[in-house]
Amino acid sequence: MRYFYLFFFILISSTLFSEGIEIKHFKLKNGLKVYMSKNSSAPTVAVALYYDVGSRDEAKNRTGFAHLFEHMMFQGSKNVGKAEHFKYIENSGGQMNGTTSRERTNFYEVLPSNKLELALWLEADRMESLMVNNLNFLNQREVVIEEKKQVEDNRAYGKVYPQLQQLAYSNFNYSHSVIGSVKHLEESTVIDAKNFYKKFYNPNNATLTIVGDIDYEKTEKLVKKHFGDIENSGVKIKRNDFTEKEQKKIRKKTIKDKHAKVPAIAIAYQAPSPLDPDFYALSMLESILLNDNSSRLYQKLVKEKEYCLNIGGGVDYHRGPNLFFIFSIFKPGKLNKVKTIIFKEIENIKKFGVKKEELEKAKLKKRTEHYFQLQSNLNRALLIGKYALYFDKPELINSEIDMYQKVTVDDIKKVVKKYLSKKRLNELVVEVK
Amino acid sequence: MWIKLLLAIAILTLTGCFGSEKTVKKPVSTFTITGEADVPDRSLAVPMAKNQAFFLLSKAYKIDKTKFKYLNFDDNQKLLFSEEVDVSSVPPVDVKAQSGGYKVIYKIERSKKELENLEKREIYGAIGVGVTLEHAFTDAFKKVLKNYTKDSSEKVEGYLTIVNVNSINYSSKNVTLDLDLLIVVKDSSNLTKREKANILGDQAVSEYYKKKYQSASNFIKEGFKVDQNCDRCFYAKALLKKDEGDIQRVLYYLEQAIKIDPNVLKYYQLLQKVYYAIDKKMESYKIESEIMKRFDSNGDILVKENPPKGESPKVIKLPKMESLNYKNGITLTKVIKKDLPIVQITAGFKFGTALAPIDKIGVVKAMINMLKDGVEGMSSKEIAQYIDQNGLYLWETVSGDYSQINCASLKDKGDKCVEILTKLLKTPTFPKKEFKKYMNKEIRKYQLKESSPHYLASKLLYRVVYQKPHPYRYYDSTLKTISNISHKDIKTLYNQYLIPENIHFIVSGDIDNSLMDSLKNGFESWEKSGKKIENSENKVKKVDKRGVIYLIHRPGSVQATIKMGTTTIPYKDDNFLPLYLANQIFGGGASSRLFMQIREKEGLTYGVYSGLSEKKESGIFIISGDVKNSGVKQAINSMFNQLSLVKKSGFKKEELKNKVENISGKFSISLEKLSALNDEILKSKFYGIDIKKIENFLKDLKGVKVDQINKVFNSIIDQNRLKIVVVGDYTKILSQLKSFGDVLVIDSKFKPIKTK
C-alpha cells in the first residue's frame with residue numbers, strides 16, 4: 001500500500017464513534033506534505049493549504065507583512081487574474097478564504113466534490129507563480145490598513161488582545177500583533193513582497209490537506225499533476241528566535257479606549273503548549289472557571305454579584321508559548337471587587353482543587369465540542385493541517401481528545417499552582433475615555 | 001524622432017528545423033519551435049512576437065494550449081520549446097512572426113487573408129489605445145511639470161499605468177475608451193537626449209490632438225487629481241473617441257511602462273480587446289484566445305491555462321425527512337443523518353419580536369431568554385449545571401417573525417436535551433429575582449451595543465426604512481422600552497403564546513426511536529390551549545424617496561460606516577428567489593460587483609456587501625461597508641454607479657449562471673451541519689412554504705432567467721429610494737456627504753446636534 005495509514009480505530013467512546021477519522025499521507029519530491037481523508041456524508045470537499053509562516057517570522061520593521069502577503073495571494077497568478085480566485089470558487093458553488101496567525105498562514109476552499117481539481121489547480125498556480133506587482137500591492141496595502149482600522153482602531157476593546165500580547169511576551173516575535181503597524185505596512189514595498197514569496201511560499205514549507213467525498217487514488221494523481229512540478233526557490237529560511245523567557249515579575253498596564261462605554265479587564269498568564277499534559281489540564285479551567293454558565297466565575301461575577309456583564313477566556317492554541325487569559329467587561333467602579341473574586345477563586349483551586357463532577361463536566365464539554373466540529377469537512381481539513389504543520393502529528397484529530405480525557409483533579413491543582421502564580425501575572429485594565 | 005527598433009523575428013519550424021523559408025515537411029509527431037529575436041531589451045515587441053508566434057502555431061496545429069507554458073527567450077535570444085503533438089491531420093506550415101520594434105508587425109506566410117486581417121486589426125487596435133493614452137498622459141504630464149520643475153524640458157520622466165478600464169464601446173467607425181490612468185513621475189536626469197526630445201515632441205503633438213478632440217481633453221482635466229499617498233503619483237481620466245493614430249507613439253509609452261513597471265497586462269488586454277473588436281467588424285468584441293492575455297513579472301508571456309472542469313457533479317441527496325403531528329397541535333419534522341453521533345432538537349415558536357407592543361420592544365426576547373432562568377424544581381443555577389454536566393449546547397434565537405430554542409448534544413445525551421426542553425417549555429417559573437437581574441443586564445448591555453457603529457447604523461436604518469406603525473422598524477429595544485417591561489408582561493406573553501399549537505419541533509442527526517419516544521412522552525401530553533392564534537397581516541409601506549441623509553456622530557471614528565437600504569418583498573413571494581440571486585451578484589460575496597469595485601479596484605474598504613433579509617412581510621435590502629474617512633464620497637458614488645450600471649445594462653447571463661452554481665454548491669455544503677438544516681426547515685415551515693420546496697430548491701434555482709432577475713432587481717432596488725445612514729466623525733466626513741443631499745447630524749441617541 002502506497003499510503004501511510006496514520007490512524008485506525010482509536011476508540012474515543014466505544015458507544016459513540018467507534019472509528020476514528022482515517023488519514024492517508026504522501027509526500028511529493030519537492031517536499032510538499034499531503035494528507036487526505038475521506039468523508040462521504042455530503043458531496044463536498046475541503047482543501048486546506050498551510051504555509052509555515054506567520055507574524056513571528058516577520059522582520060522587526062515589517063510587522064503585519066505576513067498578513068498583508070496573505071492578501072497578495074488573491075491578486076493573481078500565472079493562469080488566474082487578479083481576484084479571479086474568488087470568482088472561480090464562488091462560481092463553482094464554493095467558499096474560500098485565507099487567514100494568518102502568529103505561527104502559520106492558511107488558505108482553504110470548500111467545494112462540491114466534483115470541483116476538487118479546481119481548488120488544487122488554483123492553489124498550485126499561486127504557489128508556483130504569484131503575480132506580485134506594484135499596483136496590486138498598493139491596493140492591498142490600503143485594504144489591510146482599512147482592515148486594521150475596522151478590527152482594532154474603530155471598535156471598542158479592539159486593541160485589548162494586541163496590547164495584552166505586548167505586555168505578556170518579552171520576545172518581539174510574539175509581542176507584536178498579527179495585523180502589525182500601519183507605519184511598517186506603509187513602508188513596505190513590492191520588493192519585500194517578492195522576497196517574502198520566494199522565501200516562504202515553497203512546497204517544502206507547506207502542508208496540503210484534502211478532506212471530503214474523495215477517491216484517494218484519483219486525488220493523489222491530481223495532487224501530483226498540479227503540485228508535482230513546482231520547484232522550491234532554494235532560498236533558505238533562517239527562523240527568528242522563538243524562545244520566550246519565563247516571566248518573573250508581575251506586569252500591569254492601563255489603557256484608555258475612546259470607543260468603550262464600560263471598563264474591562266484582561267488577565268494573562270504564560271502557559272504551556274499543546275502536547276504538554278499541563279496544557280490540557282489548564283484547558284479544563286475554560287469550562288470550570290470561565291465559559292460555561294455553570295462555571296465558578298460566571299456564576300459569581302455575572303449571575304450572583306452582577307459586577308460583570310460577561311466573562312470568558314481560555315488557553316491559546318500555539319505551538320510556541322501560550323497565554324491563559326481571562327477577559328471581562330464590568331460595572332464602573334467594581335474593578336477591585338472583580339479582581340478580588342477572580343484571584344480568590346484561583347487561590348481556592350490551588351488550595352482545594354476542583355470537584356470531580358466539575359472535571360467530568362469539562363471533559364464531556366470537550367467531547368461534545370470535538371464531535372460538533374467534525375461535522376464540517378473544512379474543520380476536519382483545518383485541524384489535520386494544523387496538527388500536521390505544528391507537530392507532524394495529523395492523527396491528533398483523533399487522539400488529542402484523549403489527552404483532555406486523561407486530566408485528573410490533581411493535575412488541575414498542580415497546573416494552577418504552577419502557571420497561575422502572581423509573578424507570571426499580566427494585567428491590562430481598559431478605562432473608558 | 002523615434003528610435004528605430006530592433007527586429008524581432010521568431011521563426012517557427014517543425015522538427016528542429018530553423019529558417020524562414022517555406023517548406024512543407026512530412027508530418028511527424030514531435031516538433032520543436034525555435035525562434036530568434038534580435039532585441040537588446042525586453043520591449044513589448046518581444047513578448048508580443050513570441051505570443052503571436054505561439055498563437056499561430058497553436059491554431060494551425062490545434063495544439064492543446066494548456067500544454068504550453070512559457071515561451072522564453074534565452075540569453076542569446078533564441079526561442080526554444082518542444083512539445084509532442086499529433087500533426088498528422090493538418091498539413092504543416094512554417095509561420096514567421098516578425099516583431100519590428102515599435103511597429104510590431106507580424107507577417108504570416110500561411111495565408112494572405114490572415115495577413116491582411118492581422119495587419120488591419122493591429123493598426124486599429126493601436127489607434128484606439130494610443131491616442132487615448134497619449135491624451136491622458138500628456139495632459140497629466142504637463143501638470144506634473146508645473147508642480148515639480150521650472151523647466152519642463154529638462155528634469156522629468158514619467159510612466160503611466162491603466163488603473164481601470166471603465167468601458168470600451170464600439171461603433172461602426174469609432175472606438176471609445178474610458179480609462180483611469182496612473183502617472184508616476186520619476187527623476188530622470190539619466191534620460192538620453194533622444195528621450196528628452198521625444199517628450200518635447202509628445203507635448204507638441206498633444207496640443208494638436210487637444211485641439212482636434214476638445215471634449216476629450218476637457219474630460220481629462222476634470223478627472224485629474226493628485227494621489228494623497230504618493231507625492232509623485234497622479235491620476236488622470238481619459239475618455240476619447242478616435243479614428244486615427246500613431247502606432248509608434250503608443251508603443252513608446254507602453255515600452256516606457258514596461259521598463260519601470262512590468263504590469264503591462266492591462267495594456268495588453270486592452271489592445272487585444274480592440275484588435276478583436278475590429279476583427280469582428282465592430283459588432284462586438286470577444287477575446288478569442290485565453291492564451292494571449294498575460295505577461296509574467298519578468299515581461300515574459302504566459303500562456304493562460306483554462307481551469308480544470310472537473311467531474312460531473314454528484315447528485316445531492318437530502319437527508320430523509322418525515323413530518324409528524326401530535327394531537328395537541330405540535331408538529332414535528334424528523335431528519336435522519338447518521339454520519340456523526342450527534343443530535344439537535346430545535347423548538348420553533350410561531351412568533352418573534354414583531355409581536356411585541358411598540359412601547360415594550362424586547363419583551364419577546366426577554367421571555368424566550370428567561371425560560372432557562374428557573375423551572376419547577378430547578379433554579380437558574382441548577383439548570384446551568386444540568387446543561388453543562390450533560391455536555392449540552394443550548395441557545396436561543398429570536399427574529400422578527402419567529403423564535404427558536406435549540407439543544408444539541410452527543411447522541412447518548414439526546415434524552416437529556418428532551419428532558420430539559422420539556423421543563424423549559426412547559427414549566428418555566430420566571431423568578432422575580434432573575435427577572436430583575438435579566439433587566440439590569442439588558443440595560444448594561446445596551447451601553448455596550450451603542451459603541452458599535454454597525455449597531456447604531458442598523459438601528460436607525462430600520463427605523464427610517466420601515467414606517468410607523470410597522471413592528472419591523474424596531475431593530476432592537478431602547479432603554480425606555482426595556483424599562484417598560486414588567487414581570488407580569490413576561491408571564492402573560494408566555495401563557496398566551498407559548499402553547500402547543502404554536503410549536504414546531506425539528507429533530508435531526510443520529511436519532512433513534514427511543515429519542516422520538518422521549519420527545520413524545522415529554523410533549524404529547526401537554527394540553528392543547530384551544531386559543532385562537534392571531535395571524536394579523538401588517539403590510540409594509542414602500543420607501544418612496546431617499547430624503548435626508550443621517551449622519552450619526554461618533555467622535556474619533558477612524559472609518560465611516562455606510563448603510564443604505566430600502567424595503568423589498570416577502571420571503572414567500574415568487575420573486576424572492578430571483579431577487580436573492582440578483583443581490584448575490586450585486587453584493588453578495590467576494591466575487592460580487594460591489595466587492596470587486598470598491599475593495600479590489602479602489603481599495604477603500606476591507607469589505608463591502610449587500611444583503612437581503614427574509615421576512616414574512618417585506619424584507620430589507622442593505623448595502624453596507626466600513627470605508628476610509630477620506631473615501632466616503634467616492635464609496636457612495638461607487639455604490640450608486642454600480643446600481644446605475646444594473647439599471648442601464650442589467651446583469652449578464654454568465655453572471656446568473658455562475659451564481660446559480662454558487663448557490664447550488666453552498667446548498668450542498670450547508671447539508672453538512674445539523675444547525676443549518678434545522679434553520680432552513682424551520683424558516684420554510686413558518687413562512688408557509690411546503691417543505692418539499694427544499695427538495696426542489698436546486699431545480700427552482702436553475703429555472704430562474706436573467707430577465708427575471710433584472711426586472712425584479714431594477715423594480716425594487718432604486719437608488720433614489722435608498723435611505724442612507726452613515727456613522728462616523730462628522731468633522732471628517734460631513735462635507736463629503738453634502739454632495740448627496742441634505743444631511744442631518746445626530747448623536748448616538750438620534751438627537752440632532754449642532755455642527756461647527
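In short, a report on the structure. (Residues numbered from 1 in each chain as written. Chains lettered and ligands numbered in written order. Predicted model: local features only at pLDDT ≥ 70, side-chain atom pairs only at ≥ 80, totals over all residues. Heavy atoms only, no water.)

## Things to note about the overall build of chain A
Item 1. Counting its regular elements, chain A contains 17 helices and 12 strands.
Item 2. For chain A, the C-alpha radius of gyration of 23 Å lies close to 22 Å, the compact-globule estimate for 433 residues.
Item 3. By principal-axis analysis of the C-alpha atoms, chain A measures approximately 60 × 55 × 40 Å.
Item 4. Put simply, chain A has 433 residues, and 68% of those count as buried.
Item 5. Across chain A, the fraction of contacts at a sequence separation of at least 24, relative to all contacts at a separation of at least 6, is 79%.
Item 6. Here chain A has roughly 15,900 Å² of accessible surface; of this, 49% comes from carbon and sulfur atoms.
Item 7. Computed over 72 positive and 53 negative side-chain charges, the inter-centroid distance for chain A is 6 Å. (Helix = DSSP H or I, 4+ residues; strand = E, 2+ residues; numbered from the N terminus. Rg over C-alpha atoms; globule rule 2.2 N^0.38 Å. Buried < 20%, exposed > 50% of the residue type's maximum accessible area, 1.4 Å probe, protein only. Contact = heavy atoms within 4.5 Å. Areas by Shrake-Rupley, 256 points an atom, 1.4 Å probe, with all protein chains shown as cover. Lys, Arg positive; Asp, Glu negative; His and termini not counted. Charge placed at Lys NZ, Arg CZ, Asp CG, Glu CD.)

## Concerning unusual backbone geometry
Item 1. In this structure, the amide linkage connecting B:Lys468 to the following residue, B:Pro469, adopts the cis form with an omega of 5°.
Item 2. Relative to the elements of secondary structure, B:Pro469 occurs in the loop between α11 (453-465) and α12 (479-484).

## Details of helix α7 (residues 363-370) of chain B
All names here are of chain B.
Item 1. Extensive coverage of α7 is indicated by the burial of 7 of its 8 residues.
Item 2. What α7 keeps buried is the set Val-363, Val-364, Ala-366, Met-367, Ile-368, Asn-369 and Met-370.
Item 3. Where the residues of α7 are buried, they touch β13 (342-349), β14 (374-375), β16 (393-398), β17 (403-410), α10 (432-450) and α13 (487-497).

## Details of the packing of helix α18 (residues 653-670) of chain B against helix α20 (residues 692-702) of chain B
Residues and elements named next belong to chain B.
Item 1. Look at α18 against α20: their axes get within 9 Å of each other, and the N-to-C directions meet at 165°. By the angle class used here, α18 and α20 are roughly antiparallel. Considering how the two elements wind past one another, α18 and α20 form a crossing that is left-handed. Note on element contacts: α20 touches α18 through Ile-694, Phe-697, Leu-698, Leu-701 and Lys-702, opposite Val-660, Ile-663, Ser-664 and Phe-667.
Item 2. Here the residues of the contact of α18 with α20 are counted per class, giving 7 nonpolar, 1 polar and 1 charged. (Axes fitted to C-alpha atoms, helices over the stretch in contact; angles between N-to-C directions. Parallel < 35°, antiparallel > 145°, perpendicular 65-115°, else oblique. Left-handed = near helix turned anticlockwise from the far one by under 90°. Nonpolar A, V, L, I, M, F, W, Y, C, P; charged D, E, K, R; others polar.)

## Observations concerning the sheet that holds strand β12 (residues 425-432) of chain A
All names here are of chain A.
Item 1. Spatially, β8-β12-β9-β11-β10 is the arrangement adopted by the 5 strands of the open sheet, whose pairing is mixed. The open sheet has two edge strands with one neighbour each: β8 (251-257) and β10 (308-315). Within the sheet, the average angular offset between the axes of one strand and its neighbour, ignoring direction, is 15°.
Item 2. Note: strand β9 (residues 264-271) against strand β11 (residues 322-330), 8 bridges, orientation antiparallel. Note on β11: the bridge partner recorded for Gln-270 is Leu-323. (Pairing = 2+ DSSP bridges.)

## Remarks on α18(B)
Item 1. Between its first and last C-alpha atoms α18(B) spans 26 Å; for 18 residues at 1.5 Å apiece the expected length is 26 Å, and the two agree.
Item 2. When α18(B) is considered as a whole, its buried residues turn out to be B:Leu656, B:Asn658, B:Lys659, B:Val660, B:Asn662, B:Ile663, B:Ser664, B:Gly665, B:Phe667, B:Ser668 and B:Ile669. (Expected span 1.5 Å × (residues − 1).)

## A few points about the state of the cysteines
Residues and elements named next belong to chain B.
Item 1. Across all of its chains, the model carries 1 disulfide over all chains by this definition.
Item 2. Two residues, Cys-407 and Cys-417, share a disulfide whose sulfurs are 2.1 Å apart. Judged by the sign of its S-S torsion, about -75°, the bond between Cys-407 and Cys-417 is left-handed. On the criterion of sequence distance, the pair formed by Cys-407 in strand β17 and Cys-417 in helix α9 (residues 414-426) is long-range, its members being 10 residues apart. Like Cys-417, Cys-407 is buried. (Disulfide = S-S within 2.5 Å.)

## Let's talk about the sheet that holds strand β12 (residues 331-336) of chain B
Item 1. Taken together, 6 strands build an open sheet; the order of strands is β11-β12-β18-β13-β17-β16 (chain B) and the sheet is mixed. In this open sheet, the two strands that pair with only one neighbour each are β11 (320-325) and β16 of chain B. Each neighbouring strand pair of the sheet contributes to a mean axis angle of 15°, computed without reference to strand direction.
Item 2. Each of β13, β16 and β17 of chain B touches helix α14 (residues 356-373) of chain A; the most contacted strand, β17(B), lies at about 105° to it.
Item 3. Against the sheet, helix α14 (residues 513-523) of chain B makes contact with β11, β12, β13 and β18 (503-509) of chain B, and its axis sits at roughly 165° relative to β18(B), the strand it touches most.

## Describing the side chain of B:Asn406
Item 1. Note on placement: B:Asn406 falls in strand β17.
Item 2. Ignoring sequence-local partners within four residues, the contact set of B:Asn406 consists of B:Gln344, B:Ile345, B:Thr346, B:Tyr393, B:Leu394, B:Trp395 and B:Thr397.

## A look at the interface of chain A and chain B
Item 1. Between chain A and chain B, the contact holds 88 residues from the first and 93 residues from the second.
Item 2. Broken down residue by residue, the surface that chain A buries against chain B is led by A:Lys78, A:Leu309 and A:Gln375, which jointly contribute 9%.
Item 3. Summed over the shared surface of chain A and chain B, the result is 5 salt bridges.
Item 4. The interface formed by chain A and chain B contains 34 residue pairs in polar contact (both at pLDDT 80 or more).
Item 5. In terms of residue count, helix α4 (residues 134-153) of chain A provides more of the side of chain A that touches chain B than any other element does, 11 residues in total.
Item 6. By residue class, the composition of the side of chain A that touches chain B is 30 nonpolar, 30 polar and 28 charged. (Buried area = accessible area lost by both parts, 1.4 Å probe. Salt bridge = Lys/Arg side-chain N within 4 Å of Asp/Glu carboxyl O. Polar contact = N/O pair within 3.5 Å; in protein donor to acceptor, adjacent residues only side chain to side chain.)

## Things to note about the pattern of salt bridges
Residue and element names in this part refer to chain A.
Item 1. As enumerated under the stated definition, the model contains 46 salt bridges over all chains in all.
Item 2. Note that Glu-123 is salt-bridged to Arg-126, the shortest N-O span being 2.8 Å. Highlighted residues: Glu-123 and Arg-126, both in helix α3 (residues 116-129), separated by 3 residues, approximately one helical turn.
Item 3. The class for Glu-123 is buried, based on a relative accessible area of 0%.
Item 4. Of the residues examined, Arg-126 reaches a relative accessible area of 2% and is grouped as buried.
Item 5. With a shortest N-O distance of 3.0 Å, Glu-187 and Lys-183 are connected by a salt bridge. Of this pair, Glu-187 and Lys-183 both sit in helix α7 (residues 182-187), 4 residues apart, which is roughly one turn of that helix.
Item 6. Here Glu-187 falls in the partly exposed class, since its relative accessible area comes to 38%.

## What to know about the environment of B:Asn583
Residues and elements named next belong to chain B.
Item 1. The residue Asn-583 is located in helix α15 (residues 576-587) in this model.
Item 2. According to the relative accessible area criterion, Asn-583 is buried, its value standing at 2%.
Item 3. The sequence separation of Asn-583 and Ile-623 amounts to 40 residues, and the corresponding C-alpha distance is 9.9 Å.
Item 4. Residues in contact with Asn-583, not counting those within four places in the same chain, are Gly-588, Ser-610, Gly-611, Leu-612, Phe-621 and Phe-713.

## A word on the pairing of strand β2 (residues 24-27) of chain A
Residues and elements named next belong to chain A.
Item 1. Pairing of β2 with strand β3 (residues 33-38), which is carried by 4 bridges, proceeds in the antiparallel orientation. Bridge pairing in β3 links His-25 to Tyr-35.
Item 2. Connecting β2 to the antiparallel partner β3 that follows it, the hairpin turn spans 5 residues, and Gly-31 within it adopts a positive phi of roughly 100°.

## Overview of the nonpolar core
Item 1. Within the largest apolar cluster, 73 residues are counted, with the highest numbers of intra-cluster contacts made by A:Phe324 and A:Ile412.
Item 2. The element contributing the most residues to this core is helix α15 (residues 377-391) of chain A, with 10 residues.
Item 3. Residues in contact with A:Ile412, not counting those within four places in the same chain, are A:Ala281, A:Met284, A:Leu285, A:Ile288, A:Ile349, A:Val354, A:Leu359 and A:Val407.
Item 4. Grouped together as the second largest cluster of nonpolar side chains are 64 residues, B:Ile623, B:Leu682, B:Leu701 and B:Val726 included. (Core = buried A, V, L, I, M, F, W, Y, C linked by side-chain atoms within 4.5 Å.)

Purely spatial values, then, with no claim about function.
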